[in-house]
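Residues per chain, in single letters:
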Amino acid sequence: MIARIAELRKDVEDFQISGADLLEQFRIRYLSKKGSISTLFEGFRNVPPEEKRETGRLLNELKQLATDKYNEHRERLSFAETVTSETDLSRPAWPLRAGTRHPISIIRYQVIDIFSRMGFTVSEGPEIEDDNHVFTLLNFARDHPARDMQDTFFIRKSSGVESHPDDVLLRTHTSSVQVRVMEKEQPPIRTISPGRVFRNEAVSARAHCIFHQVEGLYIAENVSFADLRQTLLYFAVELFGKDVRIRLRPSYFPFTEPSAEMDINCNLCGGEGCSVCKGTGWLELLGCGMVDPNVLEACGIDSEKYTGYAFGLGIERAAMLKYGVNDLRLYFENDIRFLNQFRSEIL
Ligand code: DAH
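Residues numbered from 1 in each chain as written. Predicted model: local features only at pLDDT ≥ 70, side-chain atom pairs only at ≥ 80, totals over all residues. Heavy atoms only, no water.

Attention now goes to the environment of Asp292. Note that Asp292 resides in the loop between β9 (282-291) and α9 (293-298). The spatial distance from the C-alpha of Asp292 to the C-alpha of Ser259 is 9.3 Å, given a sequence separation of 33 residues. Ignoring sequence-local partners within four residues, the contact set of Asp292 consists of Asn139, Pro254, Phe255, Thr256 and Glu257. (Helix = DSSP H or I, 4+ residues; strand = E, 2+ residues; numbered from the N terminus. Contact = heavy atoms within 4.5 Å.)

This part covers the pattern of salt bridges. All chains considered together, the criterion is met by 21 salt bridges. Residue Asp263 pairs with Arg247 through a salt bridge whose shortest N-O separation is 3.0 Å. Remark: Arg247 occurs in strand β7 (residues 246-253) and Asp263 occurs in strand β8 (residues 256-265); sequence separation between them is 16 residues. According to the relative accessible area criterion, Arg247 is partly exposed, its value standing at 31%. Put simply, Asp335 and Arg337 hold a salt bridge, and the shortest N to O gap is 2.7 Å. (Salt bridge = Lys/Arg side-chain N within 4 Å of Asp/Glu carboxyl O. Buried < 20%, exposed > 50% of the residue type's maximum accessible area, 1.4 Å probe, protein only.)

This part covers the packing of helix α5 (residues 103-117) against helix α8 (residues 225-240). Following both chains from N to C, one finds α5 and α8 inclined at 135°, their axes separated by 10 Å at the closest point. Classified by the angle between their axes, α5 and α8 sit oblique to one another. Considering the relative orientation of α5 and α8, their crossing is right-handed. The segment α5 lies against α8, with Gln110, Val111, Ile114, Phe115 and Arg117 engaging Thr231, Tyr234, Phe235, Glu238 and Leu239. A breakdown of the residues in the contact of α5 with α8 according to their chemical character gives 6 nonpolar, 2 polar and 2 charged. (Axes fitted to C-alpha atoms, helices over the stretch in contact; angles between N-to-C directions. Parallel < 35°, antiparallel > 145°, perpendicular 65-115°, else oblique. Left-handed = near helix turned anticlockwise from the far one by under 90°. Nonpolar A, V, L, I, M, F, W, Y, C, P; charged D, E, K, R; others polar.)

In this section: the sheet that holds β9. Sheet strands pair via backbone hydrogen bonds, and the direction of the pair is either parallel or antiparallel. As summarised here, the arrangement of the 7 strands in space is β1-β5-β6-β10-β9-β8-β7, forming an open sheet in which the pairing is mixed. At either end of the open sheet lies a strand with only one pairing partner, and these are β1 (121-122) and β7. As defined by bridge partners, β9 adjoins strand β10 (residues 307-314) across 5 bridges and the pair is classed as antiparallel. Opposite Leu286, over in β10, you have Leu313 as the bridge partner. Its contacts with the sheet place α5 against β1, β5 (189-198), β6 (210-220) and β10, and it is angled at close to 165° to β5. (Pairing = 2+ DSSP bridges.)

Moving on, we come to α8. The first and last C-alpha atoms of α8 sit 22 Å apart over 16 residues, in line with the 22 Å expected at 1.5 Å per residue. The complete set of buried residues in α8 reads Leu228, Thr231, Leu232, Phe235, Ala236 and Leu239. Projected down its long axis, α8 shows its buried positions confined to an angular sector of 135°, all on one face. Taken together, the buried residues of α8 touch α5, β7, β8, β9, β10 and α10 (315-323). N-cap assignment for α8: the residue whose side-chain oxygen lies 3.2 Å from the backbone N of Ala226 is Ser224. Positioned one or two residues after α8, Gly241 has a phi angle of 105°, which is positive. (Expected span 1.5 Å × (residues − 1). Arc of directions from axis to C-beta. Polar contact = N/O pair within 3.5 Å; in protein donor to acceptor, adjacent residues only side chain to side chain.)

We now examine the site of the ligand. The immediate surroundings of the ligand are formed by 15 residues, with His173, Ser175, Arg199, Gln213 and Glu215 found nearest. In this structure, a nitrogen atom belonging to the ligand sits 3.0 Å away from a side-chain N or O atom of Ser175. Between the ligand and the protein, one listed contact pairs an oxygen atom with a side-chain N or O atom of Gln213 at 2.9 Å. In the complex, 90% of the free accessible area of the ligand, which totals 350 Å², lies under the protein chains. Looking at the shell around the ligand, the elements that each hand over two or more residues are α7 (175-184), β6, β9 and β10. The residue makeup of the shell around the ligand, split by class, is 5 nonpolar, 8 polar and 2 charged. (Near = heavy atom within 4 Å. Areas by Shrake-Rupley, 256 points an atom, 1.4 Å probe, with all protein chains shown as cover.)

Attention now goes to the packing of aromatic side chains. Any pair of aromatic rings gets described here by the distance separating the centres and the angle formed by the planes. Under the defined criterion, the tally for this structure stands at 14 aromatic pairs. Ring plane angle 25° and centroid distance 5.0 Å describe the contact between Phe115 and Phe235, whose orientation is recorded as stacked. Highlighted residues: Phe115 in helix α5 and Phe235 in helix α8, separated in sequence by 120 residues. Comparing Phe115 with Phe235, the two get one shared label, buried. Here the aromatic residues Phe115, Phe120, Tyr218, Phe235, Tyr309 and Phe311 are joined through ring pairs into a cluster of three or more. One cation-aromatic arrangement involves Lys52 over Phe44; the distance from NZ or CZ to the ring centre is 5.5 Å. (Phe/Tyr/Trp six-rings, centres within 6.5 Å; stacked < 30°, edge-to-face > 60°. Lys NZ or Arg CZ within 6 Å of the ring centre and 35° of its normal.)

Our next topic: the nonpolar core. If you look at the biggest cluster of nonpolar residues, it comprises 46 residues, and the most contacted ones within it are Leu285 and Phe311. Elements with a minimum of two residues in this core: α5, β6, α8, β8, β9, β10, α10 and α12 (336-339). Looking at this core element by element, the count peaks at 7 residues for α5. Ignoring any residue separated from it by four or fewer positions in sequence, one finds Phe311 in contact with Phe115, Ile192, Val214, Glu215, Gly216, Leu228, Leu232, Leu286, Gly287 and Cys288. Counting 24 residues, the second largest nonpolar core, distinct from the first, contains Leu137, Val181, Phe253 and Leu296. (Core = buried A, V, L, I, M, F, W, Y, C linked by side-chain atoms within 4.5 Å.)

Read from one edge of the open sheet, 3 strands run β2-β4-β3, paired in antiparallel fashion. Sheet topology places β2 (128-130) and β3 (154-156) at the edges, where each strand pairs with a single neighbour. Here the average twist between neighbouring strands, direction ignored, is 35°. The pairing of β3 with strand β4 (residues 168-170) spans 2 bridges and is classified as antiparallel. If you follow Arg156 over to β4, its bridge partner there is Val168.

Honestly, that's just the spatial picture; any functional story needs more than this.
Listed below in structure tokens is the structure:
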């Protein structure tokens, strides 16, 4: 009897229960009324009295072992019951849908990244500004049209038409941050200022009353227009790829002299001329120039010793060119079908 118990114990231990069918087989074979353990219990009465004690102990142990094994596997398999045989266990889990960055943020971060690599710091200024920082210190004439309420959102305007240094307004460009930086710091200054700007414009595919700019400013000794051009070329190549071409056109801004506008070749038509580039093959990307000595002096920088360049880039414009989007309003409507198309490597 004892040998038979040992044999059965080994069988119970070795029995592999890998599924519900085998679990049932196990139960029938060992634990059911007609199972081998019950059969042994039946034979117990024939065991000689002197062996009863030891045999009984082993027999109970065997029953316990089989019962525990049965319960343990039943629990495990009932947990796995939800997994049917059709379930493909190699299938990836449901993806966690992380949000995507807004295209304007993507470009903003890329611009910051590119200029950071060239040693530019990032500085910021207020969106609600005074007349001085947005216009006067930037060499805007008293009667410049930008000072008109038609173009600028005023929060507080002292007198009718005349501008006043205390007038409070929403900044119309990030060039105001140039002034704030120059007031605080002495050259060498090398900084970019990304931010929102506001203009009193009717909203259309090409214009909006709120948009984003990145201002750039570099002031040191012997800074030249060639430095400006090379910096902008590097920037354009980094943002748009090595095949990009740039062109600088003479222009006018009150705060730079000489001034220029930079175009890049139109990627929508490959330079052939299309409706977006109005048949020219070129698209305007930014304004730039050498900081006017009047501005340097107004901000407390010695214009005899230092020269500098500045530029101002529209982020929506850069994003439109990069992504081939031809309606500015899409950036503000937050239509999920539009936004979902953008992916960023920057988290
Ligand atoms: N502030 C100009 C604008 O909003 C852009 C600009 C042009 C900025 C020339 C500059 C610059 O710093 O040098 O249109």
